[in-house]
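# Structural features, examined
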Amino acid sequence: MPHELAPLPYAANALEPFIDTQTMEIHHGKHHATYVANLNKAVACTEVLQTKPLDDLIRDLASAPEAVRGAIRNNGGGHWNHSFFWKLMAPPSGTGPSGALLAALNAAFGNLASFQERFETAGMGRFGSGWAWLTVTQGKLEIVSTANQDNPLMGKAIAGCDGVPILGVDVWEHAYYLKYQNRRADYLKAWWNVVNWNAVARHYEAATR
Ligand SMILES: [Fe+2]
């Protein structure tokens, strides 16, 4: 199978009490695993698709055969988004962004608190299922959101936005419902405690290089 589910980069209970163990187990072991299995089914039709890296699959959806384009959009997006998401989190460390990333956040949004508020608003404003993202477009930071498993890398015509994601939060109910029920706002506020700012800084550096 060309696509595989990597293990979580930490124990399933590592993000407690902000993200509970059972949510992590089901989210990774069931939801993400299903995206991977269905992506493998979707790309099984041609050798070209089978050998195409995940990044290229989602950046170049337009060239996928129409019969499997929707399946690649949903499941390739799901695989990319979740693989990115796990690495964006880490056990609570109490540290925030620093250096060039903090300077860029301050320049774009005024200060860290104002950035966080606007990011949470993007997550709250996404009706139904989807993601909120912090992206870099030609060196500029932007907050956007996408529906379902769409990703800014899919481009404006498909995802409604573009740019290179450097941070993203899953606002599907499966990401928070067991612990927070319908309180998406509480989940989004708690989520900052487990953001891996070192990973975000690496993404920012790569996107602005
Ligand atoms: Fe998810």
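Above this text sits the structure in question.
On to the coordination of the iron ion. Surrounding the iron ion are the protein donor atoms His27 (NE2), His82 (NE2), Asp170 (OD) and His174 (NE2), at 1.9 to 2.1 Å. What the four donor atoms of the iron ion show is an angle range of 91 to 135° at the metal, which sorts the shape as tetrahedral. Counting the intervening residues between successive donors of the iron ion yields the motif H-x54-H-x87-D-x3-H. Note that His27 is positioned in helix α1 (residues 21–43) and His82 in helix α4 (residues 66–87), a separation of 55 residues in sequence. As far as the burial class goes, His27 and His82 line up, both buried.

Quick look at the sheet that holds strand β2 (residues 140–147) now. Read from one edge of the open sheet, three strands run β2-β1-β3, paired in antiparallel fashion. The sheet terminates laterally at β2 and β3 (164–170), the two strands that pair on one side only. Strand-to-strand twist across the sheet, computed as the mean angle between neighbouring axes with direction ignored, equals 20°. Across eight bridges, the pairing between strand β1 (residues 130–137) and β2 is antiparallel. Note that in β2 the partner of Val136 across the bridge is Leu141.

Moving on: the packing of helix α6 (residues 112–125) against helix α9 (residues 184–191). Two numbers describe how α6 lies on α9: the axes approach to 10 Å, and their chain directions differ by 145°. Crossing geometry of α6 relative to α9 is assigned as right-handed. Note on element contacts: α9 touches α6 through Arg184, Ala185, Leu188, Lys189 and Trp191, opposite Phe119, Glu120, Gly123 and Met124. Residues belonging to the contact of α6 with α9 are distributed by class as follows: five nonpolar, one polar and three charged.

This part takes up empty space enclosed by the protein. In this structure the tally under the stated criterion is one cavity of 30 Å³ or more. The wall of the largest cavity is formed by Ile19, Thr23, Met24, His27, Phe85, Met89, Ala175 and Tyr187. Take the lining of the largest cavity: its biggest share by element is three residues, from α1. Residue composition of the lining of the largest cavity, by class: six nonpolar, two polar and no charged.

Parameters at a glance
Residues numbered from 1 in each chain as written. Predicted model: local features only at pLDDT ≥ 70, side-chain atom pairs only at ≥ 80, totals over all residues. Heavy atoms only, no water. Donors = N, O, S within 2.8 Å, 3.2 Å for Na, K, Ca; no water. Tetrahedral: all angles 85-135°; square planar, octahedral: opposite > 155°, others 65-115°. Helix = DSSP H or I, 4+ residues; strand = E, 2+ residues; numbered from the N terminus. Buried < 20%, exposed > 50% of the residue type's maximum accessible area, 1.4 Å probe, protein only. Pairing = 2+ DSSP bridges. Axes fitted to C-alpha atoms, helices over the stretch in contact; angles between N-to-C directions. Left-handed = near helix turned anticlockwise from the far one by under 90°. Contact = heavy atoms within 4.5 Å. Nonpolar A, V, L, I, M, F, W, Y, C, P; charged D, E, K, R; others polar. 1 Å grid on protein atoms, 1.4 Å probe; cavity = no way out; pocket = protein on both sides within 12 Å on 5 of 7 lines; lining within 4 Å. Points joined across faces, edges and corners; volume = space filled by probe spheres on them.

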